[in-house]
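Here is how the chains run, residue by residue.
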Amino acid sequence: MRLYNTLTRNHEELVVQDNTVRMYVCGPTVYDLIHIGNARPMIVFDALRRYLESRGYTVIYVQNVTDIEDKIIRRAQEEGRTAEEIAAHYTEEYFRDLAALGVGRPTHSPRATAYVPQMIELVQRLVSSGHAYEVDGDVYFSVASFPAYGKLSGRVRDDQEAGARVEVDEKKRHPGDFALWKRSKPGEPSWPSPWGDGRPGWHTECVVMSRDLLGETIDIHAGGSDLIFPHHENELAQAEALTGKPFVRIWLHNGLLTVRGERMGKSVGNFAYARDVVAKHGGEAVRYFYLSRDWRKPLDFSDDAVAEAKRALDRVYDSLWAAEALPEGGPAAPLRELEALEERFHAALEEDFTTPGALGVLQEIVGIGHQRRQAGDLEGAKAAAALVRRLGGSLGLFQAPRPTTSALADDLIRLLVELRADLRRAKQFALADRVRDKLGELGIDLRDGPEGTTWAIRARSP
RNA sequence: GGCGGCGUAGCCAAGCGGCAAAGGCGAGGGACUGCAAAUCCCUUAUUCCCCGGUUCAAAUCCGGGCGCCGCCUCCA
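Note that the coordinates shown come from a computational prediction; the quantities given were computed from them, not determined experimentally. (Residues numbered from 1 in each chain as written. Chains lettered and ligands numbered in written order. Predicted model: local features only at pLDDT ≥ 70, side-chain atom pairs only at ≥ 80, totals over all residues.)

**Things to note about the protein's contact with RNA strand B**
Formally: For each residue, a C-beta atom is placed from the backbone, and the residue is labelled near a molecule or strand when this atom is within 6 Å of it. A run of H or I in DSSP becomes a helix once it reaches four residues, and a run of E becomes a strand once it reaches two; helices and strands are each numbered from the N terminus. Only Asp, Glu, Lys and Arg are considered charged, only Ala, Val, Leu, Ile, Met, Phe, Trp, Tyr, Cys and Pro nonpolar, and every remaining residue, Gly among them, polar.
Taken together, 67 residues lie around RNA strand B, and Gly224, Asp294, Ala312, Gly357 and Gly360 are the ones closest in. A total of 9 residues in the surface near RNA strand B trace back to one element, the largest contributor, which is helix α12 (residues 355–374). When grouped by side-chain class, the residues that make up the surface near RNA strand B number 21 nonpolar, 25 polar and 21 charged.

**Concerning the sheet that holds strand β8 (residues 198–200)**
What counts is decided by this rule: A pair of strands counts as paired when DSSP detects no fewer than two bridges linking them. The axes used here are C-alpha line fits, helices contributing only the stretch in contact, and every angle between their N-to-C directions lies in the interval 0 to 180 degrees.
Pairing within the open sheet is antiparallel, and its 4 strands lie in the order β5-β6-β7-β8. Only two strands of the sheet have a single neighbouring strand rather than two, namely β5 (132–135) and β8. Put simply, the sheet's adjacent strands are angled 25° from each other on average, direction ignored. Looking at chain direction, β5 and strand β6 (residues 138–141) are connected through 4 bridges and run antiparallel. Residue pairing for β6: Ala132 is matched across the bridge by Phe141.

**Overview of the confidence of the model for chain A**
Worth spelling out the cut-off: Per-residue confidence from the prediction method is given by pLDDT, with values spanning 0 to 100. For the purpose of contact definition, each residue receives a C-beta atom placed from its backbone, and two residues are in contact when these atoms lie within 7 Å.
Scored by pLDDT, chain A has a mean of 91; 95% of the residues are at 70 or more. The secondary structure element of chain A with the lowest average pLDDT is helix α5 (residues 159–163), at 43, and the one with the highest is strand β4 (residues 58–63), at 98. Per-residue pLDDT stays below 50 along residues 159–167; that stretch engages in 3 contacts with residues further than four places along the chain or on separate chains. The ipTM, which scores confidence in the relative placement of chains, is 0.94 for this predicted complex, and the corresponding pTM is 0.94.

**Looking at α12**
Going by this rule: By this rule, a helix spans an expected 1.5 Å times one less than how many residues it contains. Buried means a residue has 20 or more other C-beta atoms within 10 Å of its own C-beta, exposed means 12 or fewer, and partly exposed covers the counts in between; C-beta atoms are placed from the backbone. Note: the arc covers the axis-to-C-beta directions of the helix.
Here α12 is 20 residues long and its end C-alpha atoms lie 29 Å apart, about the 28 Å a rise of 1.5 Å per residue gives. Within the span of α12, buried status applies to Thr355, Ala358, Leu359, Val361, Leu362, Ile365, Val366, Ile368, Gly369 and Arg372. The buried side chains of α12 occupy one side of the element, clustering within an arc of 165° when seen end-on. For α12, the secondary structure elements touched by its buried residues are α1 (39–54), α9 (283–291), α10 (303–324), α11 (336–350) and α13 (378–393). Two residues or fewer after α12 comes Gly376, characterised by a positive phi angle close to 85°.

**What to know about the sheet that holds strand β13 (residues 299–300)**
If you trace the 3 strands from one edge of the open sheet to the other, you get β12-β11-β13, paired in mixed fashion. Each of the sheet's edge strands pairs with one partner strand only, and the pair in question is β12 (262–263) and β13. In this sheet, β13 lies alongside strand β11 (residues 257–259) in parallel orientation, the contact comprising 2 bridges. By the bridge assignment, Thr258 is partnered in β13 with Asp300.

**Section: the domain arrangement of chain A**
Defined as follows: Where each domain starts and ends follows an automatic or database-derived domain assignment.
Partitioning chain A into structural domains gives domain 1 (2–254), domain 2 (299–393) and domain 3 (407–457). Taking only C-alpha atoms, the centre of domain 1 and the centre of domain 2 are 38 Å apart. Each partner contributes residues to the interface: domain 1 has 8 residues there, and domain 2 has 7 residues. Secondary-structure elements contributing two or more residues to the side of domain 1 that touches domain 2 are β1 (2–5) and α1.

**Concerning the pairing of strand β14 (residues 444–449)**
Judged from the 6 bridges that link them, β14 and strand β15 (residues 452–457) form a sheet pairing that is antiparallel. Following the sheet pairing, Gly449 is matched in β15 by Gly452.

**Topic: the environment of Lys310**
Mapped onto the secondary structure, Lys310 falls in helix α10. Exposure remark for Lys310: the 21 C-beta atoms within 10 Å place this residue in the buried category. Distance from Lys310 to His281, taken between C-alpha atoms, is 7.1 Å for residues 29 residues apart in sequence.

**Examining α13**
Between its first and last C-alpha atoms α13 spans 22 Å; for 16 residues at 1.5 Å apiece the expected length is 22 Å, and the two agree. For α13, the full list of buried residues reads Gly380, Ala381, Lys382, Ala383, Ala384, Ala385, Leu387, Val388, Leu391 and Gly392.

In structure tokens form, the structure reads like this:
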């Protein structure tokens, strides 16, 4: 499989050892509920993880939870609670939201506060090797000590000075230097350190956790494209300054979610909470929406756009459930058509994980299933449905079971259908339509065909 | 200003040098129906923002425009 690597600006073959992919995806800072834009990397890289697993890889998937940070502290002060309480609460809500989007639990979800001693140790080693310096209880990484600084984001160190939009911290030797350790103010959460009480800077946790759980060089490190600079640049600098070895083989950065072309963000105020969107359209519709756009490109969010994705998704379920409700037919010859489609599905994903292309192939398979069913080839229709299930499953899609009813409900519905047939024969169309409409309100669709009426529970994706 | 990305049908969106440009949504016509719904068949880009160039061949490569967006500050 080839993936676009931000570091080299090229597509590269994913080559791993022991058939194991070690991947790290930047997780949330738990100070509030996540908005739907935050969910994009979670869904996209969860899908990548599942796909890799379906191809036989073992994936060790690490996603951190940043549970100590300025915004958490501020929120705690506002609400008169401890930072710990805030973090614990929103961590729980975070996993609740992700579950609703079909995102699986990471192999490991380390919390920053559980790694403070290791972070202190890392900072100490950077200080003693001359890559960091202490001023007044703060410790800064010295970008001048790491010549490769800027190689991920394509930034030259000296550019930073020209910008001058940031007020220059007098304590820093170079404007690009960043905090590894921050002295704490009274009343703030703090940990003892060789430089006095304080707390870790942001970029350090990912380095420490990644090393601890995945090793010094990992296969994939992923996150939103807004993290390229400074976050990932700064991680890379620390890690490689420390070990002298490559930190990450392939850096993956997803495009951001926009609203009318503008980035969705808490500060912009144009965001929607993930759970509200899920409540409105369903988690799988959101997932389908994200996967119908190339992961690296910006994606414009609107309720209409998600609703459209939902219609496409429902088309799939309609076909799946209709085929699965069919009686068993005879044995079917394998459809060469389907084999070719399956190959195209994988080809799309093997080349930079192009999920929109893969979804297009799945929709074609759905169409073939319909045609087979129309032609009376029940086994062909079932084969298409089974393929959609299997291939969709490798992306975490199309796994909802066909809604079933009780035997009693079946009998009652059948009774109503027969009753309605009598009414139709008697040309009592107003009454017949009322039966159909009322059943429709209950989510049961009647389908009149040449061989009588069939019924189905309307596709309602989860 | 620096770095990066994007511009394909009414809308969304694949394609990355060579079958007359996937797929979805929407729209129109037909089959089916008492009328619908679902499904099936057909139609909906001779052309890929514009202008040059390379090539036997370009939406795809190169150069130059125009337009939009992201990052450069916490941010998925």
